[in-house]
Amino acid sequence: MPELPEVETIKRYLNKAISEKRIVDIEILSKKQFPDNPKEVIGEKILSVERRAKNLIIKLSDKKALFIHLKLSGQLIWERKTKIPAKSTRVVISLNNGKLFFNEIRKLGWIKILNQNQLDLELARFGPEPFSKDFSTEYLQKVFGKSARPIKTVLLDQEKIAGIGNIYANEALFEAKINPRKPVNKLTVREIERLQKAILLVLKEGIKYGGASAADQLYVRPDSSHGSYQQHFRVYQKDGEKCQKCETIIKRINLGGRGTFFCPKCQR
DNA sequence: AGTATCCTGGAA
DNA sequence: TTCCAGGATACT
(Lines give C-alpha, C1' and ligand atoms only; values in the text may rest on other atoms or scores of the structure.)
Protein backbone atom coordinates (compact mmCIF):
# COMPACT_ATOMS: atom_id res chain seq x y z
CA MET A 1 0.00 0.00 0.00
CA PRO A 2 2.47 2.57 0.99
CA GLU A 3 4.08 4.86 -1.54
CA LEU A 4 6.65 7.57 -0.99
CA PRO A 5 4.46 9.87 1.17
CA GLU A 6 3.20 7.02 3.35
CA VAL A 7 6.68 5.56 3.89
CA GLU A 8 8.04 9.06 4.54
CA THR A 9 5.33 9.61 7.18
CA ILE A 10 6.24 6.34 8.88
CA LYS A 11 9.94 7.19 8.67
CA ARG A 12 9.48 10.55 10.40
CA TYR A 13 7.39 9.03 13.15
CA LEU A 14 9.78 6.17 13.83
CA ASN A 15 12.82 8.41 13.77
CA LYS A 16 11.45 10.21 16.80
CA ALA A 17 10.21 7.06 18.50
CA ILE A 18 13.10 4.64 18.17
CA SER A 19 16.35 6.47 17.31
CA GLU A 20 19.10 5.77 19.86
CA LYS A 21 17.15 2.82 21.25
CA ARG A 22 18.46 -0.72 21.42
CA ILE A 23 17.09 -3.97 19.96
CA VAL A 24 16.35 -6.31 22.86
CA ASP A 25 14.58 -9.13 21.07
CA ILE A 26 13.03 -10.10 17.76
CA GLU A 27 10.12 -12.51 17.65
CA ILE A 28 9.43 -14.03 14.24
CA LEU A 29 5.92 -15.34 13.67
CA SER A 30 6.28 -15.79 9.92
CA LYS A 31 9.72 -16.80 8.69
CA LYS A 32 9.09 -15.60 5.16
CA GLN A 33 8.65 -12.06 6.42
CA PHE A 34 11.99 -12.17 8.27
CA PRO A 35 14.24 -14.76 6.57
CA ASP A 36 17.52 -13.80 8.28
CA ASN A 37 18.94 -14.73 11.67
CA PRO A 38 17.68 -12.15 14.19
CA LYS A 39 20.67 -12.83 16.46
CA GLU A 40 22.76 -10.80 14.02
CA VAL A 41 21.12 -7.60 15.20
CA ILE A 42 19.98 -8.22 18.76
CA GLY A 43 21.80 -5.84 21.07
CA GLU A 44 22.39 -3.30 18.29
CA LYS A 45 21.55 0.37 18.71
CA ILE A 46 19.37 2.18 16.17
CA LEU A 47 21.14 5.15 14.62
CA SER A 48 18.32 6.48 12.50
CA VAL A 49 15.38 5.55 10.30
CA GLU A 50 15.68 6.47 6.63
CA ARG A 51 13.71 6.08 3.44
CA ARG A 52 14.75 5.31 -0.14
CA ALA A 53 12.01 4.79 -2.73
CA LYS A 54 9.31 2.85 -0.85
CA ASN A 55 11.81 1.14 1.44
CA LEU A 56 12.46 1.90 5.08
CA ILE A 57 16.00 1.56 6.34
CA ILE A 58 16.64 1.20 10.06
CA LYS A 59 20.35 1.98 10.36
CA LEU A 60 22.15 0.09 13.11
CA SER A 61 25.29 0.92 14.99
CA ASP A 62 27.54 -1.67 13.40
CA LYS A 63 26.99 -0.66 9.76
CA LYS A 64 24.18 -3.12 9.40
CA ALA A 65 20.63 -2.15 8.60
CA LEU A 66 17.12 -3.53 8.67
CA PHE A 67 15.79 -3.12 5.14
CA ILE A 68 12.00 -3.09 5.10
CA HIS A 69 9.44 -3.21 2.31
CA LEU A 70 5.76 -2.94 3.25
CA LYS A 71 4.51 -3.91 -0.23
CA LEU A 72 0.70 -3.69 -0.38
CA SER A 73 -0.48 -4.29 3.14
CA GLY A 74 2.46 -3.97 5.52
CA GLN A 75 2.19 -1.87 8.66
CA LEU A 76 4.66 -0.85 11.33
CA ILE A 77 2.94 -0.19 14.63
CA TRP A 78 4.79 1.36 17.53
CA GLU A 79 3.63 0.55 21.08
CA ARG A 80 5.25 1.79 24.24
CA LYS A 81 3.12 -0.49 26.37
CA THR A 82 2.97 -4.24 26.07
CA LYS A 83 0.43 -5.36 23.54
CA ILE A 84 -0.65 -8.74 22.24
CA PRO A 85 0.22 -9.32 18.56
CA ALA A 86 -2.61 -8.94 16.07
CA LYS A 87 -3.72 -11.74 13.77
CA SER A 88 -1.61 -10.22 11.00
CA THR A 89 1.51 -9.65 13.13
CA ARG A 90 4.49 -11.36 11.47
CA VAL A 91 7.42 -9.90 13.42
CA VAL A 92 7.74 -8.20 16.81
CA ILE A 93 10.88 -6.13 17.35
CA SER A 94 11.33 -5.36 21.04
CA LEU A 95 13.35 -2.27 21.91
CA ASN A 96 14.31 -0.98 25.32
CA ASN A 97 11.46 1.57 25.16
CA GLY A 98 8.67 -0.37 23.47
CA LYS A 99 7.73 -2.76 20.70
CA LEU A 100 7.56 -2.41 16.95
CA PHE A 101 4.94 -4.69 15.38
CA PHE A 102 5.31 -5.63 11.73
CA ASN A 103 1.77 -6.43 10.63
CA GLU A 104 1.33 -7.72 7.11
CA ILE A 105 -2.04 -9.20 6.11
CA ARG A 106 -0.99 -10.37 2.66
CA LYS A 107 2.46 -11.64 3.62
CA LEU A 108 4.12 -9.90 0.69
CA GLY A 109 6.29 -7.48 2.64
CA TRP A 110 9.54 -8.37 4.39
CA ILE A 111 12.37 -7.28 6.65
CA LYS A 112 15.93 -8.18 5.67
CA ILE A 113 19.22 -7.72 7.48
CA LEU A 114 21.74 -6.11 5.13
CA ASN A 115 25.36 -5.09 5.61
CA GLN A 116 26.60 -1.81 4.17
CA ASN A 117 27.70 -3.45 0.95
CA GLN A 118 24.43 -5.25 0.34
CA LEU A 119 22.49 -2.10 1.18
CA ASP A 120 24.48 -0.04 -1.32
CA LEU A 121 23.76 -2.62 -4.01
CA GLU A 122 20.03 -2.62 -3.29
CA LEU A 123 19.80 1.17 -3.28
CA ALA A 124 21.77 1.57 -6.51
CA ARG A 125 18.89 0.03 -8.43
CA PHE A 126 16.54 2.93 -7.83
CA GLY A 127 16.08 6.02 -9.94
CA PRO A 128 16.36 9.50 -8.44
CA GLU A 129 14.32 10.58 -5.47
CA PRO A 130 11.65 13.07 -6.60
CA PHE A 131 12.79 15.57 -3.96
CA SER A 132 16.40 15.51 -5.12
CA LYS A 133 18.15 17.80 -7.61
CA ASP A 134 18.56 14.84 -9.98
CA PHE A 135 14.82 14.77 -10.58
CA SER A 136 14.84 17.41 -13.32
CA THR A 137 12.92 17.84 -16.56
CA GLU A 138 16.22 17.17 -18.36
CA TYR A 139 16.50 13.84 -16.55
CA LEU A 140 12.92 12.92 -17.46
CA GLN A 141 13.48 13.75 -21.12
CA LYS A 142 16.53 11.54 -21.06
CA VAL A 143 14.93 8.48 -19.39
CA PHE A 144 11.74 8.71 -21.41
CA GLY A 145 13.90 8.66 -24.52
CA LYS A 146 12.57 6.60 -27.41
CA SER A 147 10.44 4.28 -25.31
CA ALA A 148 6.84 3.83 -26.37
CA ARG A 149 5.71 2.56 -22.98
CA PRO A 150 2.64 4.33 -21.56
CA ILE A 151 3.60 7.18 -19.24
CA LYS A 152 1.59 5.69 -16.35
CA THR A 153 3.60 2.46 -16.53
CA VAL A 154 6.91 4.34 -16.60
CA LEU A 155 5.94 6.41 -13.55
CA LEU A 156 5.59 3.17 -11.58
CA ASP A 157 9.02 1.94 -12.68
CA GLN A 158 11.22 2.36 -9.61
CA GLU A 159 14.40 2.25 -11.72
CA LYS A 160 13.26 5.42 -13.49
CA ILE A 161 11.79 7.40 -10.59
CA ALA A 162 11.82 6.24 -6.97
CA GLY A 163 8.75 6.12 -4.78
CA ILE A 164 5.73 6.74 -7.03
CA GLY A 165 2.96 4.16 -6.76
CA ASN A 166 -0.51 3.76 -8.20
CA ILE A 167 -2.25 6.53 -6.25
CA TYR A 168 0.28 9.26 -6.92
CA ALA A 169 0.84 8.24 -10.55
CA ASN A 170 -2.88 8.68 -11.23
CA GLU A 171 -3.10 11.94 -9.31
CA ALA A 172 0.02 13.45 -10.92
CA LEU A 173 -1.16 12.62 -14.45
CA PHE A 174 -4.50 14.31 -13.79
CA GLU A 175 -2.78 17.37 -12.38
CA ALA A 176 -0.46 17.48 -15.42
CA LYS A 177 -3.40 16.92 -17.83
CA ILE A 178 -1.74 13.93 -19.49
CA ASN A 179 -3.48 10.77 -20.68
CA PRO A 180 -2.06 7.78 -18.77
CA ARG A 181 -1.81 5.76 -22.01
CA LYS A 182 0.31 8.34 -23.82
CA PRO A 183 3.63 6.83 -24.96
CA VAL A 184 6.48 8.60 -23.17
CA ASN A 185 8.28 9.35 -26.44
CA LYS A 186 5.24 11.38 -27.50
CA LEU A 187 5.28 13.70 -24.50
CA THR A 188 6.08 17.30 -25.35
CA VAL A 189 8.66 19.27 -23.37
CA ARG A 190 5.80 21.30 -21.96
CA GLU A 191 4.03 18.15 -20.78
CA ILE A 192 7.20 16.86 -19.16
CA GLU A 193 7.58 20.17 -17.33
CA ARG A 194 3.99 20.00 -16.11
CA LEU A 195 4.45 16.38 -15.05
CA GLN A 196 7.61 17.07 -13.06
CA LYS A 197 5.83 19.84 -11.14
CA ALA A 198 2.68 17.74 -10.70
CA ILE A 199 4.62 14.82 -9.23
CA LEU A 200 6.25 17.07 -6.65
CA LEU A 201 2.91 18.70 -5.88
CA VAL A 202 0.97 15.50 -5.22
CA LEU A 203 3.79 13.91 -3.23
CA LYS A 204 4.05 17.02 -1.05
CA GLU A 205 0.29 16.98 -0.53
CA GLY A 206 0.47 13.32 0.43
CA ILE A 207 3.12 13.99 3.06
CA LYS A 208 1.24 17.04 4.33
CA TYR A 209 -1.86 14.93 5.01
CA GLY A 210 0.09 12.08 6.59
CA GLY A 211 -0.37 9.73 3.63
CA ALA A 212 -3.45 8.16 2.05
CA SER A 213 -5.57 5.56 3.82
CA ALA A 214 -7.60 4.54 0.77
CA ALA A 215 -10.80 2.50 0.62
CA ASP A 216 -9.60 -0.55 2.54
CA GLN A 217 -7.66 1.63 5.01
CA LEU A 218 -4.70 -0.72 5.18
CA TYR A 219 -2.28 2.15 5.58
CA VAL A 220 -1.95 3.49 9.10
CA ARG A 221 0.73 5.55 10.79
CA PRO A 222 2.80 3.87 13.53
CA ASP A 223 0.36 5.18 16.16
CA SER A 224 -2.44 3.36 14.27
CA SER A 225 -4.04 6.61 13.07
CA HIS A 226 -5.15 7.04 9.46
CA GLY A 227 -3.70 9.49 6.98
CA SER A 228 -6.18 11.84 5.32
CA TYR A 229 -4.94 12.35 1.76
CA GLN A 230 -7.75 10.11 0.50
CA GLN A 231 -10.06 13.06 1.15
CA HIS A 232 -8.18 14.99 -1.51
CA PHE A 233 -8.05 12.43 -4.32
CA ARG A 234 -8.80 13.95 -7.71
CA VAL A 235 -9.26 10.73 -9.71
CA TYR A 236 -7.98 7.70 -7.80
CA GLN A 237 -10.88 5.29 -7.18
CA LYS A 238 -13.27 7.98 -8.39
CA ASP A 239 -14.53 6.21 -11.51
CA GLY A 240 -18.15 7.06 -12.17
CA GLU A 241 -17.86 10.39 -10.35
CA LYS A 242 -17.62 13.82 -11.96
CA CYS A 243 -14.27 15.41 -12.74
CA GLN A 244 -13.73 18.29 -10.31
CA LYS A 245 -12.63 20.54 -13.19
CA CYS A 246 -14.97 19.78 -16.11
CA GLU A 247 -17.63 17.45 -14.65
CA THR A 248 -16.93 14.72 -17.20
CA ILE A 249 -17.31 11.26 -15.67
CA ILE A 250 -13.98 9.85 -14.42
CA LYS A 251 -13.07 6.69 -16.29
CA ARG A 252 -11.31 3.56 -15.11
CA ILE A 253 -9.13 1.46 -17.40
CA ASN A 254 -6.55 -1.27 -16.87
CA LEU A 255 -2.94 -0.46 -17.65
CA GLY A 256 -0.19 -2.94 -16.95
CA GLY A 257 -2.55 -4.83 -14.67
CA ARG A 258 -3.22 -1.80 -12.49
CA GLY A 259 -6.40 0.18 -12.06
CA THR A 260 -5.98 3.49 -13.84
CA PHE A 261 -8.25 6.49 -13.30
CA PHE A 262 -8.47 9.62 -15.41
CA CYS A 263 -10.68 12.31 -16.87
CA PRO A 264 -11.14 11.55 -20.60
CA LYS A 265 -11.66 15.26 -21.33
CA CYS A 266 -8.94 16.91 -19.21
CA GLN A 267 -6.36 14.23 -20.01
CA ARG A 268 -6.11 13.70 -23.74
C1' DA B 1 5.75 -5.33 -23.60
C1' DG B 2 2.34 -8.24 -21.40
C1' DT B 3 0.79 -11.59 -17.57
C1' DA B 4 1.48 -14.84 -13.79
C1' DT B 5 2.65 -15.04 -9.17
C1' DC B 6 3.48 -14.31 -4.30
C1' DC B 7 -0.76 -13.86 -0.24
C1' DT B 8 -5.17 -12.63 2.44
C1' DG B 9 -9.56 -10.59 2.95
C1' DG B 10 -13.28 -7.48 1.84
C1' DA B 11 -16.76 -6.17 -1.48
C1' DA B 12 -19.72 -6.94 -5.35
C1' DT C 1 -18.14 -17.08 -6.38
C1' DT C 2 -15.50 -13.81 -8.67
C1' DC C 3 -13.00 -9.58 -8.64
C1' DC C 4 -10.13 -6.37 -6.64
C1' DA C 5 -6.23 -4.34 -3.85
C1' DG C 6 -1.10 1.83 -2.14
C1' DG C 7 4.12 -3.69 -5.11
C1' DA C 8 7.71 -5.96 -7.47
C1' DT C 9 9.67 -9.73 -9.99
C1' DA C 10 10.18 -13.78 -12.79
C1' DC C 11 8.49 -15.72 -16.63
C1' DT C 12 6.83 -15.99 -21.74
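Below you will find a few notes about this structure. (Residues numbered from 1 in each chain as written. Chains lettered and ligands numbered in written order. Predicted model: local features only at pLDDT ≥ 70, side-chain atom pairs only at ≥ 80, totals over all residues. Heavy atoms only, no water.)

### Structural notes on the environment of Glu171
Along the chain, Glu171 turns up in helix H5 (residues 166–175). Separated by 27 residues in the primary sequence, Glu171 and Phe144 have C-alpha atoms spaced 19 Å apart. The residues contacting Glu171, other than those within four sequence positions of it, are Val202, His232, Phe233, Arg234, Val235 and Tyr236. (Helix = DSSP H or I, 4+ residues; strand = E, 2+ residues; numbered from the N terminus. Contact = heavy atoms within 4.5 Å.)

### Things to note about the nonpolar core
Ranked by internal contacts, the top residues of the largest apolar core, which has 40 residues, are Phe144, Ile151, Leu155, Tyr168, Leu195 and Ile199. Listing elements by their share of this core, those giving two or more residues are helix H3 (137–144), helix H4 (151–155), H5 and helix H6 (189–208). In terms of residues, this core owes the most to one element, H6, which gives eight residues. Setting aside its immediate chain neighbours within four residues, Leu195 contacts Phe144, Ile151, Leu155, Ala172, Leu173, Ala176 and Ile178. (Core = buried A, V, L, I, M, F, W, Y, C linked by side-chain atoms within 4.5 Å. Buried < 20%, exposed > 50% of the residue type's maximum accessible area, 1.4 Å probe, protein only.)

### Some thoughts on empty space enclosed by the protein
This structure, assessed with the given rule, holds one cavity of 30 Å³ or more. Taken as a whole, the largest cavity encloses approximately 30 Å³ of empty space. Around the largest cavity, the lining residues are Ile18, Ile23, Ile46, Ile58, Leu66, Ile93, Leu95 and Leu100. (1 Å grid on protein atoms, 1.4 Å probe; cavity = no way out; pocket = protein on both sides within 12 Å on 5 of 7 lines; lining within 4 Å. Points joined across faces, edges and corners; volume = space filled by probe spheres on them.)

### Quick look at the packing of aromatic side chains
Between two aromatic rings, the relevant description is the distance of the centres plus the angle of the planes. In total, this model carries six aromatic pairs according to the counting rule given. Look at Tyr236 and Phe261: their rings are 5.3 Å apart centre to centre, the planes differ by 70 degrees, and that puts the pair in the edge-to-face class. Of the two residues, Tyr236 is situated in the loop between H6 and strand S9 (251–255) and Phe261 in strand S10 (residues 258–262); the sequence distance between them amounts to 25 residues. By relative accessible area, Tyr236 is classed as buried at 12%. Residue classification places Phe261 among the buried positions, given a relative accessible area of 3%. Aromatic ring contacts, followed pair by pair, group Tyr168, Tyr209, Tyr229, Phe233, Tyr236 and Phe261 into a single cluster. The ring of Trp110 is capped by Lys112, whose NZ or CZ atom sits 4.1 Å from the centre of that ring. The positively charged end of Arg125 is found above the aromatic ring belonging to Phe126, 5.8 Å away from the centroid. (Phe/Tyr/Trp six-rings, centres within 6.5 Å; stacked < 30°, edge-to-face > 60°. Lys NZ or Arg CZ within 6 Å of the ring centre and 35° of its normal.)

### Overview of the side chain of Asn170
Its location among the elements puts Asn170 in helix H5. Among the polar contacts made by the side chain of Asn170, one reaches the main-chain amide nitrogen of Phe261 at a distance of 2.8 Å. Each residue touching Asn170, except ones within four places of it in the same chain, is listed here: Lys152, Val235, Tyr236, Gly259, Thr260 and Phe261. (Polar contact = N/O pair within 3.5 Å; in protein donor to acceptor, adjacent residues only side chain to side chain.)

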